[in-house]
Amino acid sequence: VQLQAYGGGLVQPGGSLRLSCAASGSIFTVNSMAWYRQAPGKQRELVAHVSSGGNRTYADSVKGRFTISRARNTAYLQMRRLKVEATAVYFCNALLHNSTKWGTYWGQGTLVTVSS
């Protein structure tokens, strides 16, 4: 099983960016998916989470500006009105069953830089 995250890049403050994360391989079912981020010198933090039932939760710092969505085994993070403090490596995460057992998987991370 692999999680492939992409879509990061350089964007100016106030701009938008859309991240994608695709889960592939021997997957029976995906339960929940989430996006985390880790800024330089800081701990990894949860940004957004979408449950198997479609319930979404967000970090207070991104509410109203970020939207997480999901289509089968792919998760998206639409980021709007980006701030400089959103600069970080963004990681996707999935709780899934790989035909043998449940497990938590991580993508490789994609760098988002918000700078003028």
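Before reading on, note that the structure itself is shown above.
Residues numbered from 1 in each chain as written. Predicted model: local features only at pLDDT ≥ 70, side-chain atom pairs only at ≥ 80, totals over all residues. Heavy atoms only, no water.

Q: Is there a simple way to think about the packing of aromatic side chains in this case?
A: Two aromatic rings are characterised by how far apart their centres lie and by the angle between their planes. Enumeration according to the criterion identifies one aromatic pair in this entry. Residue placement shows arginine 18 over the ring face of tyrosine 76; its charged tip is 4.1 Å from the ring centre. Above the ring of phenylalanine 91, the side-chain terminus of arginine 44 is found at 3.7 Å from the ring centroid. (Phe/Tyr/Trp six-rings, centres within 6.5 Å; stacked < 30°, edge-to-face > 60°. Lys NZ or Arg CZ within 6 Å of the ring centre and 35° of its normal.)

Q: How do you make sense of unusual backbone geometry when you look at a structure like this?
A: The phi torsion of most residues other than glycine is negative, and most of the peptide bonds are trans. Residue arginine 72 is not a glycine yet carries a positive backbone phi of 55°. Here arginine 72 is to be found in the loop between strand S7 (66-71) and strand S8 (74-79). (Helix = DSSP H or I, 4+ residues; strand = E, 2+ residues; numbered from the N terminus.)

Q: Honestly, the state of the cysteines in this entry has me stumped. Any pointers?
A: Disulfide: a covalent bond connecting the sulfur atoms of a pair of cysteines. Tallied over the full model, the rule gives one disulfide. Through a disulfide, cysteine 21 is tied to cysteine 92; the S-S separation comes to 2.2 Å. On the sign convention where negative means left-handed, the S-S torsion of about 65° between cysteine 21 and cysteine 92 marks this disulfide as right-handed. Highlighted residues: cysteine 21 in strand S3 (residues 17-24) and cysteine 92 in strand S9 (residues 88-97), separated in sequence by 71 residues. Each of the two residues, cysteine 21 as well as cysteine 92, counts as buried. (Disulfide = S-S within 2.5 Å. Buried < 20%, exposed > 50% of the residue type's maximum accessible area, 1.4 Å probe, protein only.)

Q: I keep staring at the pairing of strand S5 (residues 45-50) and nothing clicks. Help me out?
A: Looking along a regular strand, one sees side chains alternate from face to face of the sheet. In the sheet, strand S4 (residues 29-38) pairs with S5 via five bridges, with the strands oriented antiparallel. Paired with arginine 37 across the two strands is glutamate 45, which belongs to S5. As defined by bridge partners, S5 adjoins strand S6 (residues 56-58) across three bridges and the pair is classed as antiparallel. Along S6, the bridge assignment pairs alanine 48 with tyrosine 58. In this structure, the hairpin formed by S5 and S6 is closed by a connection of five residues, where glycine 54 is found at a positive phi of approximately 95°. (Pairing = 2+ DSSP bridges.)

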